[in-house]
Amino acid sequence: MRSAHAFPRPVRRYGLLGLFGVSVFVTSLILLHLTGTEIDLMRDYVSNLANGPYGWVFVGGALVRGCGNLALTLGLRGALHPGRLRTWAVLLFGLAAVGILLAALFPIDPPGQTLSTTGRVHGTVVGATFVLELAALFVFSVAFGRHRRWCRQRAVSLVLSVSAAVALTAFVLAIQVGVAPGLAERAALAVFLAWELWASFQLVRPA
């Protein structure tokens, strides 16, 4: 009898944890923006939410997302055939998940404050995390094309990967010219979150 699911139970469990992690993070962002915190959506980075009166909500959401992405890493590892592409994709995505955890533990400096060591670490880690996850998305897209169960999903992953690359490039340009860097960061983050949600759902979907 064929299984009602595309992947075995351990993989599906990791997928559910990935869905939970991203959902909690997105919920925390929505709640914080609805509380009316003094955050300029056009100029202030998402990380500035950690400096508000409910900063613990953002930090908690980011930590849960990081743990969820670590679970998603293990789920994708179990859902793909062993090989060099899987190894690189899992390594890059796992490092990006660790980066999310570190970025939450080392908060950004409040606007207008002199750059501290903690703020410098945060900025470096966030930049590296974006690049690592972007690279992972592209490697996963190639790996999906070589797996029977993922072959039809490759196009979706590739479209999201290209969109993430475009959005991240726009974010970097926005920082350089000083035009709406906060909005550009949110747009880039939204694409990465979309891929994470999509990948998590693929692990728990019916066969």
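See the structure printed just above.
## Topic: the overall build of the protein
- Scanning the protein from N- to C-terminus turns up six helices and zero strands.
- Reading the helices (α) and strands (β) of the protein from amino to carboxyl end gives α-α-α-α-α-α.
- Over its C-alpha atoms, taken along the principal directions, the protein stretches across nearly 60 × 30 × 25 Å.
- Here the protein holds 207 residues, and the buried ones make up 46% of them.
- Of the accessible surface of the protein, which amounts to about 10,700 Å², a share of 68% is contributed by carbon and sulfur atoms.
- Seen as two clouds, the 17 positive and the 7 negative side-chain charges of the protein have centres 27 Å apart.

## Overview of the packing of helix α4 (residues 117-144) against helix α5 (residues 154-177)
- As a packed pair, α4 and α5 sit with axes 9 Å apart at the nearest point and diverge in direction by 160°. Overall, the two elements α4 and α5 adopt an arrangement that is roughly antiparallel. Crossing of α4 against α5: the hand is left-handed. Between α4, through F130, L134, L137, F138, S141, V142 and F144, and α5, the contact on the second element is made entirely by R154, S157, L158, S161, V162, A164, A165, L168 and F171.

## Brief notes about the packing of aromatic side chains
- For the structure on display, the rule yields 13 aromatic pairs.
- Among the aromatic residues, those joined into a ring-pair cluster are F7, F93, F140, F144, W150, W195 and W198.
- Taking the ring centre of F25 as reference, the NZ or CZ of R65 above it sits at 5.3 Å.

## Brief notes about a nonpolar patch on the surface
- A cluster of nonpolar side chains, L70, V98, L102, L105 and F106, forms an exposed patch at the surface whose accessible area comes to about 390 Å².
- It is helix α3 (residues 84-105) that contributes the most residues to the nonpolar patch, three residues altogether.
- Mapped onto the secondary structure, V98 falls in helix α3.

## Points about helix α6 (residues 181-204)
- For α6, built from 24 residues, the straight-helix expectation of 34 Å at 1.5 Å per residue is met to within 8% by its first-to-last C-alpha distance of 35 Å.
- With respect to burial, α6 is a largely interior element, 18 of its 24 residues being buried.

## What about the environment of G178?
- By the secondary structure assignment, G178 is in the loop between α5 and α6.
- G178 sits 113 residues away from R65 along the chain, and the two C-alpha atoms are 29 Å apart.

## Some thoughts on helix α1 (residues 9-34)
- In this model α1 runs 37 Å from its N-terminal to its C-terminal C-alpha over 26 residues, within 8% of the 38 Å that 1.5 Å per residue would give.
- Of the positions making up α1, those classed as buried are V11, R12, G15, G18, G21, V22, F25, S28, L29 and L32.
- At its buried positions, α1 is contacted by α2 (55-79) and α6.

## Looking at the nonpolar core
- With 37 residues, the main nonpolar core has L76, F140, F144, W150, W195 and L203 as its most contacted residues.
- Ranked by residue count, the leading element in this core is α4, at ten residues.
- What F140 contacts, discounting residues up to four positions off in sequence, is L76, L80, A89, V90, F93 and W195.
- V46, L49, F58 and A62 belong to the second-largest nonpolar core, a separate cluster that totals 13 residues.

Analysis parameters
Residues numbered from 1 in each chain as written. Predicted model: local features only at pLDDT ≥ 70, side-chain atom pairs only at ≥ 80, totals over all residues. Heavy atoms only, no water. Helix = DSSP H or I, 4+ residues; strand = E, 2+ residues; numbered from the N terminus. Buried < 20%, exposed > 50% of the residue type's maximum accessible area, 1.4 Å probe, protein only. Areas by Shrake-Rupley, 256 points an atom, 1.4 Å probe, with all protein chains shown as cover. Lys, Arg positive; Asp, Glu negative; His and termini not counted. Charge placed at Lys NZ, Arg CZ, Asp CG, Glu CD. Axes fitted to C-alpha atoms, helices over the stretch in contact; angles between N-to-C directions. Parallel < 35°, antiparallel > 145°, perpendicular 65-115°, else oblique. Left-handed = near helix turned anticlockwise from the far one by under 90°. Contact = heavy atoms within 4.5 Å. Phe/Tyr/Trp six-rings, centres within 6.5 Å; stacked < 30°, edge-to-face > 60°. Lys NZ or Arg CZ within 6 Å of the ring centre and 35° of its normal. Patch = residues over 30% accessible without salt bridge, like charges linked within 9 Å, V, L, I, M, F, W, Y side chains within 5 Å. Salt bridge = Lys/Arg side-chain N within 4 Å of Asp/Glu carboxyl O. Expected span 1.5 Å × (residues − 1). Core = buried A, V, L, I, M, F, W, Y, C linked by side-chain atoms within 4.5 Å.

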